[in-house]
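# Results of the structural survey
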Amino acid sequence: MNIVVIGNIISFAGAMLMVGVGFLKTRKSILLTQCSMFTLMGIANLILGGVTGAISSLVSILRNLLCLKGPLTVPMKLFVIAVQVLLSARLNTLGWIGWLPIISACFYTWMIDVKDETRLKVVLIASQSLWFVYDLTIQNYVGFTFDILTILSNMYGIFSLRAGQKVRHHAA
């Protein structure tokens, strides 16, 4: 079987877990399911030649496990970011494209505790936009498709939040 097909099948399994996370109700189950998702996505990235995408997934598992213990402090965020950057600087094989998942993960890690839903959705759109380019480059067509869907669903979420704010504002 073609390596691109195998990588995309594994990516699809990870994407299904990503969708499934939306139905989970507890922080613990969300974070643990994301760890399984990151494992599958990391394997898919490795198969497709995306070493830094795999690093991003691996370090995201570490980040989630730290989040299970409580909020990420600034020193913990800096540690997670440093691990990603150092591993990627050493193992990146795709030039500037290889930095996209790392920039995405570092940005998301730094902003993970943002309270405003609209700002969080903007963070998700920005982060996923970097993955969009990366996934297309490594032929992760499933990841690319879900990147688009994530960007669009978050844009819809922003419009819905703003429409709800306008309705509440006019009602007051």
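None of these values were measured; they are calculated from a predicted model. (Residues numbered from 1 in each chain as written. Predicted model: local features only at pLDDT ≥ 70, side-chain atom pairs only at ≥ 80, totals over all residues. Heavy atoms only, no water.)

### Considering the overall build of the protein
To be explicit about the condition: Labels follow the DSSP assignment, with helices taken as runs of H or I lasting at least four residues and strands as runs of E lasting at least two, numbered in each case from the N terminus. Here the globule rule is a power law, 2.2 Å times the number of residues to the power 0.38, and the radius of gyration is based on C-alpha atoms. Under the scheme applied here, a residue whose accessible area is under 20% of the maximum for its type counts as buried, over 50% as exposed, and between as partly exposed, the area being computed with a 1.4 Å probe on protein chains only. The contact definition used throughout considers only heavy atoms, calling two residues in contact when any of these lie within 4.5 Å. Accessible surface is estimated by sampling points in the Shrake-Rupley manner with a 1.4 Å probe; for residues, cover comes only from the protein chains shown. As used throughout, the charge tally considers Lys and Arg to be positive and Asp and Glu to be negative, leaving His and the chain termini uncounted. Working definition for charges: the position is that of NZ of Lys, CZ of Arg, CG of Asp or CD of Glu.
Within the protein, the regular secondary structure consists of seven helices and zero strands. Relative to its length of 172 residues, the protein is compact, with a C-alpha radius of gyration of 17 Å against a globular reference of 16 Å. For the C-alpha atoms alone, the extent of the protein along its principal axes is close to 60 × 35 × 30 Å. The 172 residues of the protein split such that 40% are buried. Sequence separation of at least 24 residues holds for 67% of the intrachain contacts in the protein that already meet a minimum separation of 6. Summed over its atoms, the accessible surface of the protein is roughly 9600 Å², and 73% of this surface lies on carbon and sulfur atoms. Between the mean site of the 13 positive side-chain charges and the mean site of the 5 negative ones, the protein shows a separation of 6 Å.

### Let's talk about the packing of helix 2 (residues 27-47) against helix 3 (residues 51-68)
We count it as follows: Axis geometry follows a simple rule: fit a line to the C-alpha atoms, using only the stretch in contact for helices, then measure angles between N-to-C directions, giving values from 0 to 180 degrees. Note on terminology: angles under 35 degrees are roughly parallel, angles over 145 are roughly antiparallel, angles of 65 to 115 are roughly perpendicular, and the others are oblique. Handedness of a crossing is defined here by the sense of rotation of the near helix relative to the far one, left-handed for an anticlockwise turn of less than a right angle and right-handed for a clockwise turn. Classification used: nonpolar for Ala, Val, Leu, Ile, Met, Phe, Trp, Tyr, Cys and Pro, charged for Asp, Glu, Lys and Arg, polar for all others including Gly.
Contact pair helix 2 / helix 3: the axes reach a minimum separation of 8 Å and the direction vectors enclose 165°. Comparing the axis directions of helix 2 and helix 3 gives the class roughly antiparallel. Like other packed secondary-structure pairs, helix 2 and helix 3 cross with a definite hand, here left-handed. Along the contact surface, helix 2 presents Arg-27, Lys-28, Leu-31, Leu-32, Gln-34, Cys-35, Phe-38, Thr-39, Met-41, Gly-42, Asn-45 and Leu-46, while helix 3 presents Val-51, Gly-53, Ala-54, Ser-57, Ser-60, Ile-61, Arg-63, Asn-64, Leu-65, Cys-67 and Leu-68. For the contact of helix 2 with helix 3, the residue count by class is twelve nonpolar, eight polar and three charged.

### Some thoughts on the layout of surface pockets
Formally: Put simply, the grid is 1 Å and covers the protein atoms alone, a cavity is a trapped set of points that fit a 1.4 Å probe, a pocket is an open set with protein on both sides within 12 Å along at least five of seven lines, and lining residues have an atom within 4 Å of a point. Grid points are joined across faces, edges and corners, and a volume is the space filled by probe spheres set on the points.
One number sums up the size of the largest pocket: a volume of about 1200 Å³. In terms of lining, the largest pocket is formed by 39 residues, of which the most central are Gln-34, Met-37, Phe-38, Tyr-108 and Leu-124. Among the secondary structure elements, those contributing two or more residues to the lining of the largest pocket are helix 1 (3-21), helix 2, helix 3, helix 5 (96-111), helix 6 (117-137) and helix 7 (141-171). Of all the elements, helix 2 adds the most residues to the lining of the largest pocket, at eight residues. Here the lining of the largest pocket is built from residues that sort into 19 nonpolar, 14 polar and six charged.

### Some points on helix 1
We count it as follows: A helix's residues, less one, multiplied by 1.5 Å, set its expected span. Along the arc lie the directions from the helix axis toward the C-beta atoms. N or O atoms closer than or at 3.5 Å make up a polar contact, with two conditions inside protein: a donor-capable atom paired with an acceptor-capable one, and, for residues adjacent in sequence, both atoms drawn from side chains.
The end-to-end C-alpha distance of helix 1 is 27 Å, a good match for the 27 Å that 19 residues give at a rise of 1.5 Å each. Those residues of helix 1 that sit buried are Val-4, Gly-7, Asn-8, Ile-10, Ser-11, Gly-14, Ala-15 and Val-21. Along the axis of helix 1, the buried positions cluster into a sector of 165°, meaning they face one direction only. Its side-chain oxygen at 2.7 Å from the backbone nitrogen of Val-4, Asn-2 defines the N-terminal cap of helix 1.

### Observations concerning unusual backbone geometry
One non-glycine residue, Gln-139, adopts positive backbone phi at about 65°. In this fold, Gln-139 is placed in the loop between helix 6 and helix 7. Accessibility expressed as a relative area gives 35% for Gln-139, which makes it partly exposed.

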